[in-house]
Amino acid sequence: MNAQEIQSYVLRYLEAEQCDILEKHPAYVTVKLSPSADKDLTQRPYYWSFVERTGAEPETMTCTFIFDPDAYRELHPQQGPPGAPPAAPAVQPAAAPGAPQPQGDSILGRYFGFVPTAFTARVPRDELTYGSRRLEQIFAAVRSKGRFVRLFEQYTAEQPKPPVTVSYETWLCVNYKVELACDMKRSEMHSLGIQLQTGEIIERFHDRLAAKKLTPRLPSHVYVTPDRITLPRAVLFLEDHLEKKLAAYDHQWAQEAQLRLKDEISRVRDYYEPLLQEAEPDNKHEIQAQYTGRLQEVEWQYHPRIQISAINCGLFHFPAMHPQKR
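The shown structure was predicted, so the numbers you read here are calculated from the model rather than taken from an experiment.

Caption draft 1: Examining the packing of aromatic side chains more closely. Under the counting rule described, the total for this entry stands at 8 aromatic pairs. With a centroid separation of 6.1 Å and an interplanar angle of 50 degrees, the aromatic rings of F205 and F316 are classed as tilted. Of this pair, F205 sits in helix α7 (residues 205–210) while F316 sits in strand β11 (residues 305–319); the two residues are 111 residues apart in sequence, bridging distant segments of the chain. Relative accessible area serves as the criterion here: at 0%, F205 is assigned to the buried category.

Caption draft 2: Summary view of the pattern of salt bridges. Summed over all chains, the structure comprises 19 salt bridges. D183 is the salt-bridge partner of R260, the closest N and O atoms lying 2.7 Å from each other. Taken together, the residues span a long stretch of sequence, with R260 in helix α9 (residues 252–278) and D183 in the loop between β6 (166–181) and β7 (185–195) at a distance of 77 residues. Among the salt bridges present, the one from E264 reaches R267, with a minimum N-O distance of 2.6 Å. Taken together, the positions of E264 and R267, both in helix α9 and 3 residues apart, correspond to about one turn of that helix. Since its relative accessible area comes to 12%, E264 is described here as buried. Residues participating in the shared-partner salt-bridge network are E264, R267, R294 and E297.

Caption draft 3: Expanded view of helix α3 (residues 45–54). Those residues of α3 lying buried are Y47, W48, F50 and V51. All buried residues of α3 project into a common sector of 155 degrees when viewed along the axis, lining one side. When the buried face of α3 is taken as reference, the exposed residues oriented beyond 90 degrees from it are P45, Y46, E52 and R53. A positive phi of about 75 degrees marks G55, the residue just after α3.

Caption draft 4: Quick look at the sheet that holds strand β3 (residues 62–66). With respect to topology, 4 strands assemble into an open sheet ordered β1-β2-β3-β4, the strand pairing being mixed. Unpaired on one side and paired on the other, β1 (20–25) and β4 (125–127) mark the two borders of the sheet. Each strand of the sheet is rotated relative to its neighbour by a mean of 20 degrees, with strand direction disregarded. Sheet topology note: the β3/β4 ladder contains 3 bridges and is parallel. Bridged to T64 within β4 is R125.

Basis of the calculations
- Along each chain, the written sequence defines residue order, and numbers are assigned to residues from 1.
- Under the rules for a predicted model, residues below a pLDDT of 70 receive no local features and side-chain atom pairs below 80 are neither given nor counted, while totals for whole chains, interfaces and linings still include all residues.
- Calculation of side-chain values draws on the structure's entire complement of heavy atoms; hydrogens and water are dropped beforehand.
- Note on ring pairs: Phe, Tyr and Trp rings are taken, using the six-membered ring of Trp, and paired if centres are within 6.5 Å. Classes follow the plane angle, with under 30 degrees stacked, over 60 edge-to-face and the rest tilted.
- The helix count covers DSSP runs of H or I at least four residues long, the strand count covers runs of E at least two residues long, and both are numbered beginning at the N terminus.
- In this scheme, a residue with accessible area under 20% of its type's maximum is buried, one over 50% is exposed, and one in between is partly exposed, where area comes from a 1.4 Å probe on protein chains only.
- For salt bridges, the criterion is a side-chain nitrogen of Lys or Arg within 4 Å of an Asp or Glu carboxyl oxygen.
- Directions from the helix axis toward the C-beta atoms define the arc.
- In this scheme, strands are said to pair when DSSP sees at least two bridges between them.
- All axes here are fitted lines through C-alpha atoms, helices being fitted over the stretch that makes contact, and every angle between N-to-C directions spans 0 to 180 degrees.

Encoded structure:
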């Protein structure tokens, strides 16, 4: 992902989480996190446990996400790198002797009495570059909340005809990640969809979704046709389809990886076996442990394998190809 793609992705996440955008610039954005985003990104389980137990009004954090570090440093040369402590606050004039100190309406003030009221809120700054910890955190939050969805295609009844009830059919879509790995790796994405009445399977199902307007609510004048295929059985059909597709690949890469594996094992054996024969009895156990560990590393690195994981899935309801009006 380049910087523009990262920025678009993060802004969509912040919008979906209903965060308040306080300052927006092509190089950065400053937001006040929503409670949901604060739980995902700030790692404050004790604070949120306190809020939920007491029912207190939550005070979420304000963060600055930097998409273009060079441009941000030119705009804010007085600030240090991300993670550095904030600049010291300006010295506040002392209050007159005997004057009452305002306590504010903070959570600590209400539950623990006096608290300092003159403080500078810390605004964490994070550079969101590909591979950064904060961006990985946002990826994980999106994956955890968006792994399973159920959406309907929007439906608008034709006018001025009286509205009729339209049948919708159900598709199960599963996005698979396929990794062909040895000492090299190739990753592929497969978006498969299966119709839960007929069992029809189509590939690149995500492309079909991209052209549709989807909503999480069942539209008016629409009913969903009961499924004939259960979800566990549909998943088996998809896995069988993917397995047949992968079986038809040219697996010359695996044969070549096996040859490299044998060469590497032979090289390791030629190095360690003379050492074991000449080793002192006190050192033999340590050398044997290194030999075994090295063989396991070589096996893991060179052994050809295909790893399949389901990234996310969803149920999608579209107008039936042969609608049954009622």
